[in-house]
Amino acid sequence: MHYVIIGNGVAGVTAAFALRKRDPHAEISVIGGESDYFISRTALMYAFMDRMNLRDLEPFERQSYTKQNITLLRGWVSALDASSRILRLADGRNLSYDKLLLATGSIPNPAPWPGLATAKSGLVNFVSLQHLAECERLAPTTRRAVVAGGGLIGVELVECLHHHGIQVDFLVRDAWYWPMALAPEEGELIADHIRHHGVNLLLGHEITEVKTDTNSRVSAVRTSQGGELPCQMLGACIGVRPAIEWLREVQTPPALGRGIKIQSDFRTSLPNVWAAGDCAELPTGQVEQIWYSAKRQGELAALSMLGDTVNYTPPLFFNSAKLFEIEYTTVGVRGAESFFRRLPGKNVSIRIMHDQGAVTGFNMLGSRWNHTWFEKWIHERRDLPYVLKNLHLAQFDVEFGRVSLSALGVAS
Amino acid sequence: MIKPGAAHALLHSIKNRGLAAWVLAALFTGFYLVLYFTEWFSPLAQAIGLGSKWTLYGTLYTLAVTAGGIHVIRKYRHNRYQVVRTIVVIVVQATFAYSIPMLLKFLHQPEYYLSYFWPLKLDYLTPSYIFSLPLPFIIYSFVGSLVLVPILAAFFGKRWYCSWVCGCGGLANTFGEPWRHLSDKSTTSWKIEKVTIYAVLGITVVLTALLFISYGAGKANPQLVRTTGEFQSYYGLIVSSLLSGVVGVGLYPLGGTRVWCRFACPMAALLGLVQKVGRYRITVKKDMCISCGMCSKYCEMGIDVRSYAQANQSFTRASCVGCGICSEVCPRGVLNLENVSSRDPQESKLIQIQEVAATRPLI
Ligand SMILES: Cc1cc2nc3c(=O)[nH]c(=O)nc-3n(C[C@H](O)[C@H](O)[C@H](O)COP(=O)(O)OP(=O)(O)OC[C@H]3O[C@@H](n4cnc5c(N)ncnc54)[C@H](O)[C@@H]3O)c2cc1C
Ligand code: SF4
């Protein structure tokens, strides 16, 4: 049995280890185009800021792969023939498989702005190691940069550029910061914090045109508000999408939508081919683009490949992030009503959303929480008074640093 | 990418085993060699009114802990655990390990360091020395080393000593801050550490036993006394001077700050064993780790914290000194230092809900 996995991201590598755990003898190969070894792209920013080096981004010791007898291949897969079960790499190598997992992850959404056609350099993304290299190549000759897109990757890139002494204009289309996740109060808190660092956050701004200099490097952008912002680097952080373009060209493409369409057991429309992680589109049409989902999907896809019955439904949404210094924890969904409190003068706030007597979600800024409790309370459909009474159980702040709930207006 | 500017290039070199780091390491090591094996510092010490080279060393040490500590407090000012811990480190150094012994000496009492215990300080259970002290010191030594130290470790982990009280740890966590990430994280190092640290502990215990035997039965057996004496002086040279001083601090810029604590300190070995069965642990928040590796990178003891975090596994490692930096640098707030007991109602509830969460998807 030869299991082949395309993509050495967290989904692919988790799947490889899960396969090995159950099948000690099978041949397992993992192909990756970006790097020789699995790296955590979540730490790209720390490499950019010199807080880590590239080797530190590898979550597993290199010897783990040899110990587990997993073959790592470096290269880009460019052709797939599911009828004869053969893959071809861009460098011409062929590889046959018995069972195949597509775990190709995401690529950045392409920048749509007029004027980019003439730009040969200056436009950057922040998703892969190659993007990091390009950012590091350009940063030393950059005094001002524009970053467009207020999601988490955008904020991380802004923090990095700012760290290197580059003046950043941070363009966000929305009326307040990150409306997808935050209510206006929290959006304002975060916006103030970003501005406090000296970043020029411009809400309600979009790029309308990109200008270039005589060397075809980005030199300025024009915005929907009419202004012109000079810049030598332009970061496009306007979301990511499944890395499936190459599959449209192959002999036997699987059914594709936004991503590779899968059943709840991770099977694609092709026989003996599964998909998991950022590249997979669930039967609901949903594409999960988060680390723990990719990990969980990779593990379950492996079980499905091994013949187990698997029926994946995404868990209740939770996540955490760090926006400059402010930590953020979220669980669940919005509700009709919400309980919001902010610690006076501090970047600490809590929001507990509820609907018809049951809590539905939590949005917490500036302090640490163990989301497992929140999941439990939502699951048990607890009401607000119950949750407030027990809120202290979920606090996860460092010792001596516990945020005072009574100061937050939560009587306990 | 290194920040632009010559100052940052130099800083990078110092922190990342560049040329500047090698130069510094040579300077530090040279300093210790001169201190331990020559009297060159004595005239200097007398000239500035500090009496002996050891008082001069103590003064420099205290200054280094204080200055480094102030830097650390500023750097981690948003983290109360770090602030409180660092203040305690500075105060303990300035009092128990510096001014109180000086005061004792001034009052014609023995120069006793209240913050040191056996087996880190062999003298404090060396019968010929300790029984020559006034009774309160004898009691403090025995009760401290054999009762207080292990009991506190059972409740709070070894951190109460290694990163709150101990001078070696104190220097590492203050002056040594720029080099904490240099500890080697490989499993090979872990294997080596387990052999060397327990070997040193074994040697220390054997030596202490011999010291007691030759103290008690020495008159009948002068040969034993002589051999034990030789053993003791080699121990002093190799363990106390070379390993804890020259290698331990001299090589900060190359090997990181806890080489001594991790590979050789008998006190750390003993406390680690208690810690394994005690209440202390690092709690890992379920499924929140993004494998970024900041925790492992900045662990001064070379623990691959990430390997536990990404496996959703709360853990207690014997070597963990509880400095709390993994929890501080984790961008997702995954880690927390805790003293737990399975009897805590909150703890059993948490275990229960984590089991539920693990076995079935929520909603
Ligand atoms: C800067 C940044 C920060 C992030 N931070 C967070 C965070 O804090 N929390 C969170 O939950 N998520 C975060 N994410 C998202 C998270 O990283 C992804 O959800 C996760 O990496 C997806 O894993 P994956 O294995 O599906 O895909 P990927 O990690 O994208 O891995 C896929 C791999 O397959 C390779 N590949 C693709 N096509 C081919 C081919 N044809 N041939 C060979 N190899 C191929 C790619 O080069 C890539 O290396 C972040 C993402 C970025 C970019
Ligand atoms: S720092 Fe936090 S998120 Fe990063 S690897 Fe460690 S535990 Fe995981």
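Residues numbered from 1 in each chain as written. Chains lettered and ligands numbered in written order. Predicted model: local features only at pLDDT ≥ 70, side-chain atom pairs only at ≥ 80, totals over all residues. Heavy atoms only, no water.

Explanation requested: a nonpolar patch on the surface in the structure shown.
Among the surface-exposed residues, Leu135(B), Ile139(B), Val143(B), Leu146(B), Val147(B), Ile151(B), Phe155(B) and Phe156(B) lie close enough to one another that they form a single nonpolar patch of about 710 Å² accessible area. By the secondary structure assignment, Val147(B) is in helix α7 (residues 135-156). (Patch = residues over 30% accessible without salt bridge, like charges linked within 9 Å, V, L, I, M, F, W, Y side chains within 5 Å. Areas by Shrake-Rupley, 256 points an atom, 1.4 Å probe, with all protein chains shown as cover. Salt bridge = Lys/Arg side-chain N within 4 Å of Asp/Glu carboxyl O. Helix = DSSP H or I, 4+ residues; strand = E, 2+ residues; numbered from the N terminus.)

I keep staring at the site of ligand 2 and nothing clicks. Help me out?
All names here are of chain B. Looking at ligand 2, there are 13 residues lining it, with Cys289, Cys292, Gly293, Cys295 and Cys330 nearest. Those elements that provide at least two residues to the shell around ligand 2 are α15 (294-297) and α16 (305-309). Here the residues of the shell around ligand 2 are counted per class, giving ten nonpolar, two polar and one charged. (Near = heavy atom within 4 Å. Nonpolar A, V, L, I, M, F, W, Y, C, P; charged D, E, K, R; others polar.)

What exactly am I supposed to notice about helix α4 (residues 53-75) of chain B here?
Think of an α-helix as turning once every 3.6 residues; residues three or four places apart then point the same way. With 23 residues, α4(B) should reach 33 Å at 1.5 Å per residue; the first-to-last C-alpha distance of 33 Å fits that figure. One side-chain oxygen at the N-terminal end of α4(B) lies 3.1 Å from the backbone nitrogen of Trp54(B); it belongs to Ser52(B). (Expected span 1.5 Å × (residues − 1). Polar contact = N/O pair within 3.5 Å; in protein donor to acceptor, adjacent residues only side chain to side chain.)

Before we go on, may I ask you to explain the domain arrangement of chain B in this structure?
It is common to give the size of an interface as the accessible area that goes away when the parts come together. All names here are of chain B. You can read the domains of chain B as domain 1 (6-271) and domain 2 (285-358). Placing a centre on the C-alpha atoms of domain 1 and another on those of domain 2 gives a separation of 28 Å. Domain 1 puts 26 residues into the contact, and the matching count from domain 2 is 23 residues. Buried area between domain 1 and domain 2, both sides added, is near 2000 Å², and the carbon and sulfur share of it is 49%. The tally of links from domain 1 across to domain 2 stands at two salt bridges. For Arg258, the salt bridge goes to Glu300, with nearest N and O atoms at 3.1 Å. Inspection of the domain 1/domain 2 interface yields 18 residue pairs in polar contact (both at pLDDT 80 or more). (Domains from an automatic or database assignment. Contact = heavy atoms within 4.5 Å. Buried area = accessible area lost by both parts, 1.4 Å probe.)

In this structure, what is going on with the nonpolar core? I would like to understand it.
Generally speaking, a soluble globular protein has its nonpolar side chains buried in company with each other. With 196 residues, the main nonpolar core has Phe48(A), Leu87(A), Phe170(A), Tyr177(A), Leu391(A), Tyr161(B) and Leu335(B) as its most contacted residues. Those residues in contact with Phe48(A) that sit more than four places away from it in its chain are Phe126(A), Leu132(A), Cys135(A), Glu136(A), Ala139(A), Leu157(A), Cys160(A), Leu161(A), His164(A) and Met1(B). If you look at the next biggest cluster of nonpolar residues, it comprises 22 residues, including Tyr32(B), Val34(B), Leu182(B) and Val246(B). (Core = buried A, V, L, I, M, F, W, Y, C linked by side-chain atoms within 4.5 Å. Buried < 20%, exposed > 50% of the residue type's maximum accessible area, 1.4 Å probe, protein only.)

Looking at this structure, how should I read the sheet that holds strand β24 (residues 349-355) of chain A?
Think of a sheet as strands paired side by side through backbone hydrogen bonds, with each pair either parallel or antiparallel. Residues and elements named next belong to chain A. In spatial order, the strands read β21-β22-β25-β24-β23; together these five strands make up an open sheet with antiparallel pairing. Where the open sheet ends on each side, the last strands, each with one partner, are β21 (318-323) and β23 (337-342). Neighbouring strand axes in the sheet, compared pairwise and without regard to direction, differ in orientation by 15 degrees on average. Pairing analysis gives six bridges linking β23 to β24, with the strands arranged antiparallel. In the strand pairing of β24, Glu337 is matched with His354. (Pairing = 2+ DSSP bridges. Axes fitted to C-alpha atoms, helices over the stretch in contact; angles between N-to-C directions.)

Would you mind going over the environment of Trp113(A) with me for this structure?
Residues and elements named next belong to chain A. With respect to the helices and strands, Trp113 occurs in the loop between β8 (106-108) and β9 (123-124). A sequence separation of 279 residues divides Trp113 from His392, and the C-alpha atoms of the two residues are 48 Å apart. Discounting chain neighbours no more than four positions away, the residues touching Trp113 are Leu123, Ala148, Ile207, Val210, Leu234, Ala236 and Ile238.

What exactly am I supposed to notice about the interface of chain B and chain A here?
Opposite the 50 residues of chain B that make contact, chain A presents 54 residues. Summed over both sides, the interface of chain B with chain A buries roughly 4600 Å², with 54% coming from carbon and sulfur. Counting the contacts that link chain B with chain A gives four salt bridges. Asp56(A) is the partner of Lys297(B) in a salt bridge, and the nearest nitrogen-oxygen pair spans 2.7 Å. On the surface where chain B and chain A come into contact, there are 23 residue pairs in polar contact (both at pLDDT 80 or more). Elements represented by at least two residues in the side of chain B that touches chain A include exactly α5 (80-106), α15, α17 (325-329), β2 (335-339) and α18 (345-359) of chain B. Ranked by the residues each element gives to the side of chain B that touches chain A, the list is headed by α18(B), at six residues. Of the residues in the side of chain B that touches chain A, the class split is 23 nonpolar, 14 polar and 13 charged.

Just to check I follow, could you spell out the domain arrangement of chain A for this structure?
As far as domains go, chain A holds domain 1 (2-107 + 240-305), domain 2 (116-236) and domain 3 (318-394). Using C-alpha coordinates to define each centre, domain 1 of chain A is positioned 34 Å away from domain 3 of chain A.

What's the story with the pairing of strand β11 (residues 167-172) of chain A in this structure? I'm lost.
Each regular strand displays side chains that alternate between the two surfaces of the sheet. All names here are of chain A. Where burial is concerned, most of β11 is hidden: five out of the six residues are buried. Relative to β11, strand β10 (residues 144-148) runs parallel, the two sharing five bridges. In the sheet register, Arg144 faces β11, and the bridge partner there is Gln167. One crossover worth recording links β10 to the parallel β11 by way of helix α5 (residues 152-163), and it is right-handed. Of the strand pairs in this sheet, β11 and strand β12 (residues 200-203) are connected by four bridges, and their pairing is parallel. Paired with Phe170 across the two strands is Leu201, which belongs to β12. (Right-handed = clockwise from strand over helix to strand, strands pointing away.)

Help me understand helix α9 (residues 371-379) of chain A, please; the structure alone is not making it clear to me.
Residues and elements named next belong to chain A. In terms of residue burial, α9 counts as a mostly covered element, since seven of its nine residues are buried. Every buried residue of α9 is listed here: His371, Thr372, Trp373, Phe374, Glu375, Trp377 and Ile378. Looking one or two places after α9, you find Arg381, whose phi comes out positive at around 55 degrees.

Sorry, what's going on with the site of ligand 1 here?
In the vicinity of ligand 1 lie 33 residues, with Ala11(A), Glu34(A), Asp278(A), Trp291(A) and Arg332(B) positioned nearest. Bordering ligand 1 are residues originating from chains A and B. Ala11(A) is positioned with one of its backbone polar atoms (N or O) 2.9 Å from an oxygen atom of ligand 1. Glu34(A) places a polar side-chain atom, nitrogen or oxygen, 2.7 Å from an oxygen atom of ligand 1.

Help me understand the sheet that holds strand β6 (residues 94-96) of chain A in this model?
All names here are of chain A. The strand order β4-β5-β6 describes an open sheet built from three strands, whose pairing is antiparallel. This sheet does not close on itself; its edge strands, each paired only once, are β4 (77-81) and β6. Ignoring strand direction, the axes of neighbouring strands in this sheet form an average angle of 20 degrees. Pairing geometry for β4 and strand β5 (residues 86-89), over four bridges, is antiparallel. The residue of β5 that forms the bridge with Val77 is Leu89.

Help me understand the pattern of salt bridges in this model?
Pairing of side chains with opposite charge becomes possible as their charged atoms draw close. Under the defined criterion, the tally for this structure stands at 31 salt bridges over all chains. Note that Glu380(A) and Arg382(A) form a salt bridge whose closest N and O atoms lie 2.8 Å from each other. Note on Arg382(A): relative accessible area 29%, which makes it partly exposed. Here Glu39(B) ties to Lys53(B) by a salt bridge, and the two come within 3.2 Å at their closest N and O atoms. Within this pair, whereas Glu39(B) is found in the loop between α2 (19-37) and α3 (41-47), its partner Lys53(B) is found in helix α4, the two being separated by 14 residues in sequence. Residue class for Lys53(B) comes out buried when judged on its relative accessible area of 6%. Look at the salt bridges and you will find they share partners, linking Lys75(B), Glu177(B), Arg180(B), Arg258(B) and Glu300(B) into a network.

Would you mind going over the environment of Ser240(B) with me for this structure?
Residue and element names in this part refer to chain B. Within the secondary structure, Ser240 is located in helix α11 (residues 222-247). According to the relative accessible area criterion, Ser240 is partly exposed, its value standing at 33%. In sequence terms Ser240 and Ile130 are 110 residues apart; their C-alpha atoms lie 18 Å from each other. Not counting residues up to four positions away in its chain, the partners in contact with Ser240 are Tyr36, Tyr235 and Gly245.

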